[in-house]
Every structure is written in C-alpha cells, then in structure tokens.
Amino acid sequence: MSGVLVFCETKDGKIKKVSREALSIGRKLAEAAGGDLIAFASDGAAADDAGRYGAKTLYVAAIGPYLPESYAAAMKQVIAQAQPSIVLFGGSSNGRDLAPRLAAKVNAGVASDVDRLSWSGGKLRARRPVYSGKAFATVEVISAPAMATTRPNAFPAQEAGAGAAAVVAEISVAAESKAKLLDTKIPEAGELSIAEADIIVSGGRGLKEAANFSLIRDLAHALGGAVGASRATVDAGWIDHQHQVGQTGRVVSPNLYIAAGVSGAIQHLAGMSSSKHIVAINKDPEAPIFRVADLGVVGDLFQVVPALTEEVKRAKAH
Ligand SMILES: Cc1cc2nc3c(=O)[nH]c(=O)nc-3n(C[C@H](O)[C@H](O)[C@H](O)COP(=O)(O)OP(=O)(O)OC[C@H]3O[C@@H](n4cnc5c(N)ncnc54)[C@H](O)[C@@H]3O)c2cc1C
C-alpha cells in the first residue's frame, strides 16, 4: 500500500474548499509516506482542479449527488484498485458521514475532525480535539489504510504549482443505494455556509428576537462572511439549524469569529474556540465568551454591531 487518496466534493466542476484543504495536506503526507496523491470525485470536470492541487489520478464514478451507500461502494472500489496507505475526507457533512461508513466496509480506523496530521514511523498520526475542545488527543491510526476527516479551515488550501490536470480513471459502480434523493434545498442566494467561511458573525439570545438577526446579517455581508448562531436562537426558531455553531451544530475554525449577544456556553465554545481570531460583544463583562476572546467589547450589541457595520462599509469604500 502506498499513496494518499482524497475524497473530493465538487460544485459546478470545481473542487470545494474543504476538499482542496484535504488535498493540500494529502500531498504533504504523500511526500512523507511515499506514493502518489490520488483523488475521487463524481464529476470528471474536477480533473483540472485535482491536478492543480497535486493529484496524479482522479478516479471518477458518475453516480450523481451524494448518497452514502453508492459513494461508499465507489470509494471502496477505488481503495481496492489504488491501495492507498491513507484516505482523507474534508470534514463536511458528507465527508463526516462517508468516512465511518467506508471505514467499516474496509475494516479501517478513522481519526475524525483532525487539525494536525503527520506520517510518523510508518503510521498516520493525528491531533483531534476532545472533551468539547477542552483538550487535544494525539492518536495513531494503525490500520491499512488509515483514514481521517479534516477540520474545515485547519489546513490551508495550497496549489501544488505543477498545474497539470489529473488523469481521469472512470470506475463503474452498481447502483446499490436503498435511499433515494427526493429534494435538495439550496441556501438563500448570497448566503455563505459557515462550514467554509473565513469570517463568521454569530448572534445569540442577546438579539432578543428573530428580526434582529438582520443586524448580524448586515455585518456578515459587509465583511463578506457567513451568519452563525447559538443553539438558543435556533431552538427559538429565529434562524435555521444550518447556522448553528457548537457541539450539536457545526464545528468551525474561521480566521475571524465575531460573537454578539452570545454568552459562550461550553457547548458553543466547543464549536468555535479554535477560530484564529475571536471578537466578543456582550453587555455582561463576566460572560464566559470573553475567556476565549482575543478582543472583547463590553457593550450593547444594538449600538456596537450597527456602528461596526458602518465602519466596515466606510473602510471598504476607500
Ligand atoms: C447537550 C447540549 C448541546 C448543546 N449544543 C449547543 C450548540 O451546539 N451550540 C450552542 O450555541 N449551544 C448549545 N447548547 C446550549 C448552550 O448550553 C446554551 O444554552 C446556549 O449556547 C446559549 O445561547 P446564547 O448564548 O445565545 O444565550 P444566553 O446564554 O441566554 O446568552 C445571551 C447573552 O446575550 C447577552 N446579551 C443580552 N442582551 C445583550 C445586548 N443588548 N448586548 C450585548 N449582549 C447582550 C447576555 O449578557 C448573555 O451573555 C447545548 C446544550 C446542551 C445541553
């Protein structure tokens, strides 16, 4: 066994950021472990992107939108053909769904939600948060292949510089899915997903009511970021669950995380404390969110947030 296989998700023939991040760390691991970087996608148009990120071969199965059983069957076939030492998945909803299913099929171990990866003594070594992000565990995956899902934004997406498209190898998979895709809901136009955003502005119960999420949206749009939310606001029906940050929502690591009217409960911190820069706006100076904040504003969000939005717009206009 040698080389690294990366599961790539695509949109309009382009490889999504979370998969480009997995390809980038996959390339480094392939250099360390020996063997080629190879990729899998359900769209052959991804070959250009895959090549730019260093993949030599792109295995393609034209199996349409994500369904766990058919994708697991396709990836299993690629593993049987390519015999990689390592298999990586970007930690999106699909990647986190597929990795354990495939691991069970090929009797492999998976380190999930990792933010560091290395090849050490012939083994895949991974660092992953435990106890809701309060500690880190370093684990070794001793199976062959060894699998991991990468935390979004933890590994920078870097092109290889070579620029050649990956060679496409078509594989055919028997349609063996017991599930059927009935409907796909596309987020509102212009709404970025918190899973991939570099900047997230989150609102909490301090917003008082659903309509006031417009303040958070205005600041997020001014910054070119995504809208996040605490569970309290999601449970209250103020905003959809796809925006929820935390233990039972999304785990995010953007470059900038702004929390307004969010207390910073442990379950919320579990989803955002690995963000690179954290700004908290809260009228309670004792709010736990300030313990993880790089910059804290003790004040009324109804004054601070609109003023910040205006300032950002002014700065961007120059
Ligand atoms: C099993 C389990 C899983 C959970 N998973 C999650 C999860 O994934 N994500 C999550 O977020 N929570 C989660 N929770 C819930 C979590 O414990 C908290 O209840 C929740 O995060 C609180 O949301 P909040 O900060 O918006 O509200 P609150 O705790 O009510 O905080 C509101 C904050 O707004 C401030 N505020 C009020 N008015 C203003 C103002 N005008 N200006 C500025 N600040 C103001 C207050 O000082 C306060 O700090 C989970 C709980 C459990 C038990």
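Residues numbered from 1 in each chain as written. Predicted model: local features only at pLDDT ≥ 70, side-chain atom pairs only at ≥ 80, totals over all residues. Heavy atoms only, no water.

Some points on the site of the ligand
Inference 1: Close to the ligand lie 26 residues; Arg205, Ser230, Thr248, Ser263 and Gln267 are nearest.
Inference 2: Lys208 is positioned such that a nitrogen or oxygen atom in its side chain is 2.9 Å from a nitrogen atom of the ligand.
Inference 3: At 2.8 Å, a backbone N or O of Leu301 approaches a nitrogen atom of the ligand.
Inference 4: When the ligand sits alone it has 980 Å² of accessible area, and the protein chains cover 77% of it.
Inference 5: Looking at the shell around the ligand, the elements that each hand over two or more residues are helix H6 (231-235), helix H7 (266-272) and helix H9 (301-317).
Inference 6: Across the shell around the ligand, the residue classes tally to six nonpolar, 14 polar and six charged. (Near = heavy atom within 4 Å. Polar contact = N/O pair within 3.5 Å; in protein donor to acceptor, adjacent residues only side chain to side chain. Areas by Shrake-Rupley, 256 points an atom, 1.4 Å probe, with all protein chains shown as cover. Helix = DSSP H or I, 4+ residues; strand = E, 2+ residues; numbered from the N terminus. Nonpolar A, V, L, I, M, F, W, Y, C, P; charged D, E, K, R; others polar.)

Considering the sheet that holds strand S6 (residues 86-90)
Inference 1: Across the sheet, seven strands lie side by side as S7-S11-S6-S1-S4-S5-S12; this open sheet has parallel pairing. Of all strands in the sheet, those bounded by a partner on one side alone are strand S7 (109-114) and strand S12 (167-170). With strand direction ignored, the average angle separating the axes of adjacent strands in the sheet is 25°.
Inference 2: Pairing of strand S1 (residues 4-7) with S6, which is carried by four bridges, proceeds in the parallel orientation. Counterpart to Val4 in the pairing with S6 is Ile86.
Inference 3: Seen against the sheet, helix H1 (residues 17-33) touches S1, strand S4 (37-41), S6 and strand S11 (146-150) and runs at an angle of roughly 155° to S6. (Pairing = 2+ DSSP bridges. Axes fitted to C-alpha atoms, helices over the stretch in contact; angles between N-to-C directions. Contact = heavy atoms within 4.5 Å.)

Re the nonpolar core
Inference 1: Leu58, Leu88 and Leu117 are the most contacted members of the largest nonpolar core, which has 31 residues in total.
Inference 2: No other element matches the five residues that H1 contributes to this core.
Inference 3: If we skip the residues at most four places from it in the chain, Leu117 touches Ile25, Leu29, Leu88, Leu124, Arg125, Ala126, Ala148, Thr150 and Phe155.
Inference 4: By size, the runner-up hydrophobic cluster in this structure holds 25 residues, among which are Ile79, Ala99, Val106 and Ile171. (Core = buried A, V, L, I, M, F, W, Y, C linked by side-chain atoms within 4.5 Å. Buried < 20%, exposed > 50% of the residue type's maximum accessible area, 1.4 Å probe, protein only.)

Some details on the sheet that holds strand S16 (residues 277-282)
Inference 1: Pairing is parallel in the open sheet, where five strands are placed in the order S14-S13-S15-S16-S17. Whereas interior strands pair on both sides, the edge strands pair on one side only; in this sheet they are strand S14 (226-229) and strand S17 (295-298). Direction aside, the axes of adjacent strands within the sheet are offset by 15° on average.
Inference 2: Direction of pairing for strand S15 (residues 256-260) relative to S16: parallel, over a ladder of five bridges. Considered in S16, the bridge of Ala260 is made with Ile281.
Inference 3: Relative to strand S13 (residues 199-203), helix H5 (residues 213-223) is tilted by about 170°, and along the sheet it contacts S13, S14 and S15.
Inference 4: The sheet contacts of H9 involve S15, S16 and S17, and relative to S16 the element is tilted by about 135°.

Description of the environment of Asp12
Inference 1: Looking at the secondary structure, you find Asp12 in the loop between strand S2 (10-11) and strand S3 (14-15).
Inference 2: For the pair Asp12 and Arg217, spaced 205 residues apart in the sequence, the C-alpha separation amounts to 26 Å.

Concerning the packing of aromatic side chains
Inference 1: Tallied over the entire structure, the rule returns five aromatic pairs.
Inference 2: Taking the centre distance of 6.2 Å and the plane angle of 85° together, the rings of Phe40 and Tyr71 count as edge-to-face. Residue Phe40 is located in strand S4, and its partner Tyr71 is located in helix H3 (residues 68-82); the two are separated by 31 residues in the primary sequence. Accessibility classification places Phe40 together with Tyr71 in one group, the buried group. (Phe/Tyr/Trp six-rings, centres within 6.5 Å; stacked < 30°, edge-to-face > 60°.)

Looking at the packing of H5 against H9
Packed helix pairs are specified by the crossing angle of their axes together with the interaxial distance, meaning the distance between the axes.
Inference 1: The N-to-C vectors of H5 and H9 enclose an angle of 20°; their axes lie 9 Å apart at closest approach. Comparing the axis directions of H5 and H9 gives the class roughly parallel. In the packing of H5 onto H9, the handedness of the crossing is left-handed. Across the interface between the two elements, Leu215, Asp218, Leu219, Ala222 and Leu223 from H5 touch Leu301, Phe302, Val305, Pro306, Leu308, Thr309, Val312, Lys313 and Lys316 from H9. (Parallel < 35°, antiparallel > 145°, perpendicular 65-115°, else oblique. Left-handed = near helix turned anticlockwise from the far one by under 90°.)

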